[in-house]
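# Summary of the model geometry
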Amino acid sequence: MKSTVEKLSPTRVRINVEVPFTELEPDFDVAFKEMAKTVRLPGFRPGKVPVKLLEARIDKQAMLDQVVGEAVPARYSEAVTASEVQPIGQPEIDITNKEYGQDLTFTAEVDVRPEITLPELSALKIVVDPIEISDDEVDAELQNLRARFGTLTGVERPVQNGDFVSIDLSATVDGEDVPEAKTEGLSHEVGSGQLIEGLDDAIIGLKADESKTFTTKLVAGDHADEDADVTVTVKSVKERELPEPDDEFAQLASEFDTIDELKESLVEQVRRVKRVQQAEQIRDKSLDVLLEQVEVPLPENIVQAQVEEAVHNAIHGLDHDEAKFEEQLKEQGSSREEFDATTRSEAEKAIKTQLLMDKIADDLDVQVGQNDLTERLVLMSRQYGLEPQQLLAYLQQQNQLPTMFADVRRGLTVAAVVHGATVTDTDGNEIDTTEFFGPPASQAEASDDVEGAADDAEDDDA
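My aim in this report is to walk through the structure given alongside it, one point at a time. Each chain has its residues counted from 1, running along the sequence as written. Confidence filtering applies because this is a predicted model: local features only for residues at pLDDT of at least 70, side-chain atom pairs given and counted only at 80 or more, and all residues used for totals across whole chains, interfaces and linings. The basis for every side-chain value is the complete set of heavy atoms in the structure, and neither hydrogens nor water enter the calculation.

### Let's talk about the pattern of salt bridges
For salt bridges, the criterion is a side-chain nitrogen of Lys or Arg within 4 Å of an Asp or Glu carboxyl oxygen. Applying the stated criterion to the full structure yields 28 salt bridges. Between Arg272 and Glu435 there is a salt bridge, with the nearest N and O atoms lying 2.6 Å from each other. Of this pair, Arg272 sits in helix α7 (residues 259–293) while Glu435 sits in helix α14 (residues 434–437), placing them 163 residues apart in sequence. Between buried and exposed lies partly exposed: a residue is buried under 20% and exposed over 50% of the maximum accessible area for its type, with that area taken using a 1.4 Å probe on protein chains only. The class for Glu435 is partly exposed, based on a relative accessible area of 43%. Arg275 is paired through a salt bridge with Glu435; the nearest N and O atoms lie 3.2 Å apart. Taken together, the residues span a long stretch of sequence, with Arg275 in helix α7 and Glu435 in helix α14 at a distance of 160 residues. Of the residues examined, Arg275 reaches a relative accessible area of 23% and is grouped as partly exposed. Beyond isolated ion pairs, a larger network of salt bridges with shared partners links Glu6, Arg12, Arg14, Glu92, Glu109 and Asp111. Helix numbers and strand numbers start at the N terminus; a helix is a DSSP run of H or I with at least 4 residues, a strand a run of E with at least 2.

What follows is the structure in structure tokens.
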């Protein structure tokens, strides 16, 4: 088999393949033998028809179509391997010659990973916000903790923001009752905004057994997104009484003996959240800095496919009604043009990032270990509420394991980029990145060597 590669653009190639007919003869032999098992001819038992007799009687063009249909994917894969191109999409195959007894020729156009010139990673400078903790943030955490241990007490006054109420709801559309919108004894925290729009404003100021009707859009059911007249009746009003923030409360709500110790713990809790946010900012900034410095040619077919998928997902819940989708965007203060532009921009950035991370991973020879995959699997299983083995079986069934592997490798690559860069906050303080990005590869390998030597020593002692 012969193959050559033509570069059509920085992200697309055409592979020309020529397969001598003699290379296909074993495939024909297999096809004839399989056919001989089913063909019946007078004077011959099933499966005993001579191949030469079959060749004279069958439609060779039909047999050629079958053989070529099975041979082309395999020969394409061989050509890709030989040419060392890196496809990132499905090929468009055009068979240019297919005649019995003649060489098979075909072309395959496919998007490929472009050539990318990387900057010196050790010269990267990443600057992020410093960690600052305000008294208000700590007080907010303390308030949340007090709310968890608060008690509800009935009151004989109008509803205020933050109260807990029991309400009855009913709705009509064009004067007709909406049965699915009717409910009684519904518990609701005023101000939470968890139910329909306009409900909290209607409730505030009402007393027990008082009602009010307001207009809003229904969010579910047969009349979803339609204007409805909703009537709310307050059945009871309760306010939440919070415990005093003293030593007794600290002992009730935590393992600490004093409120001062509890507050110190809350400071560390806020700091931990801030460190996570800072780590996310370091990750995002490292990618942004790289994308600013590196030119990454984009495969248009891949970009367009991702844009179309995003559009499909956006309008799928609206029965693919374009008019309804545009109306929804208008209500959100946007337009279809803005949505399309944003979607394309996000797709381009995502694909650029993937191509860039894959290039860096190859250059740094980033390896994905079993522990890396296991950690990702356990994390995903928690997010989806599944057992790890259940999730693994599902990913295998959906052929999603390669995607997970690629995501893990890109995550390790980001960590490698961060370790190689200089990371500081806007105050000029250097930031230790090992907590969230792990130790640099050299330290991790040294640690593994030490552990391995210790294990060997234990084995020798044994």
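### Some words on the pairing of strand β1 (residues 2–9)
Whether two strands pair depends on DSSP finding at least two bridges between them. As judged from the seven bridges shared by β1 and strand β2 (residues 12–19), these two strands associate in the antiparallel manner. Bridging across to β2, Ser3 finds its partner in Val17. If you look at the hairpin formed by β1 and β2, you'll find two residues sitting between the two strands.

### A short note on the packing of helix α4 (residues 135–148) against α7
The angle between two axes is taken between their N-to-C directions and runs from 0 to 180 degrees, where each axis is a line fitted to C-alpha atoms and a helix contributes only its stretch in contact. Put simply, α4 and α7 touch, their axes get as near as 9 Å, and they point 110° apart. By the angle between their axes, α4 is roughly perpendicular relative to α7. Read as a crossing pair, α4 and α7 show a hand that is right-handed. Where α4 approaches α7, its residues Glu137, Val138, Glu141, Leu142 and Leu145 are matched on the opposing element by Ile259, Leu262, Lys263, Leu266, Val267, Gln269, Val270 and Lys274. All residues other than Ala, Val, Leu, Ile, Met, Phe, Trp, Tyr, Cys, Pro, Asp, Glu, Lys and Arg, Gly among them, are scored as polar; the first ten of these are nonpolar and the last four charged. Looking at the contact of α4 with α7 residue by residue, the classes come out as eight nonpolar, one polar and four charged. Angles below 35 degrees are treated as roughly parallel, those above 145 as roughly antiparallel, those between 65 and 115 as roughly perpendicular, and all remaining angles as oblique. In this scheme, a crossing is called left-handed if the near helix is turned counterclockwise away from the far one by less than a right angle; it is called right-handed if the turn is clockwise. What makes two residues a contact is simply this: any of their non-hydrogen atoms within 4.5 Å.

### Some details on helix α13 (residues 401–420)
With 20 residues, α13 ought to run about 28 Å at 1.5 Å a step, and its terminal C-alpha atoms sit 29 Å apart, in line with that. Looking at α13, one finds that the buried residues are Met404, Val408, Arg409, Arg410, Thr413, Val414, Ala415, Val417 and Val418. Looking at the buried positions of α13, the neighbouring elements they touch are α7, α10 (336–364), α11 (370–384), α12 (388–397), β12 (422–425) and α14. Here a helix's expected span is defined as the number of its residues, less one, multiplied by 1.5 Å.

### Side note on the packing of aromatic side chains
Paired rings are identified among Phe, Tyr and Trp, the last through its six-membered ring, by centres lying within 6.5 Å, and are further divided according to the angle between planes into stacked (under 30 degrees), edge-to-face (over 60) and tilted (the rest). Taken as a whole and judged by the stated rule, the model has three aromatic pairs. Taken together, a centroid distance of 5.3 Å and an interplanar angle of 70° make the contact between Phe21 and Tyr100 edge-to-face. Note that Phe21 is positioned in helix α1 (residues 21–36) and Tyr100 in the loop between β3 (92–97) and β4 (104–111), a separation of 79 residues in sequence. Judged by its relative accessible area of 11%, Phe21 is buried. Measuring from centroid to centroid gives 5.0 Å for Phe325 and Phe339, while their planes differ by 85°, and the two rings are edge-to-face.

### Quick look at the nonpolar core
Throughout, nonpolar core names a set of buried Ala, Val, Leu, Ile, Met, Phe, Trp, Tyr and Cys residues whose side chains join them through atoms within 4.5 Å. One finds Leu124, Ile282, Leu290, Leu356, Met357, Ile360 and Phe437 to be the most contacted residues of the largest nonpolar core, which totals 35 residues. If you tally residues by element for this core, the top one is α10, at seven residues. Every residue in contact with Phe437, bar those within four places of it in the chain, is listed here: Ala279, Ile282, Arg283, Val414, Ala415, Val418 and His419. Ala31, Met63, Tyr76 and Val85 belong to the second largest nonpolar core, which has 23 residues in total.

### Re the side chain of Thr105
Looking at the secondary structure, you find Thr105 in strand β4. Excluding residues within four positions of it along the chain, Thr105 makes contact with Val17, Glu18, Ile95, Thr96 and Asn97.

### Looking at helix α3 (residues 60–83)
If you check α3, its first and last C-alpha atoms are 32 Å apart, about what 24 residues at 1.5 Å a residue would give, namely 34 Å. The largest bend in α3 amounts to roughly 30° and is located at Ala71, with the proline Pro73 lying one to four residues further along. Here α3 has its buried residues at Met63, Leu64, Val67, Val68, Ala71, Val72, Arg75, Tyr76, Ala79 and Val80. Following α3 by one or two positions, Glu84 adopts a phi angle in the positive range, close to 65°. To get the bend at a residue, fit one axis to the 7 residues ending there and another to the 7 starting there, then take the angle between the axes.

### Quick look at the side chain of Thr424
In this fold, Thr424 is placed in strand β12. Accessibility expressed as a relative area gives 18% for Thr424, which makes it buried. If we ignore the near neighbours within four places in the chain, the residues touching Thr424 are Ile126, Val127, Val128, Asn429, Glu430 and Ile431.

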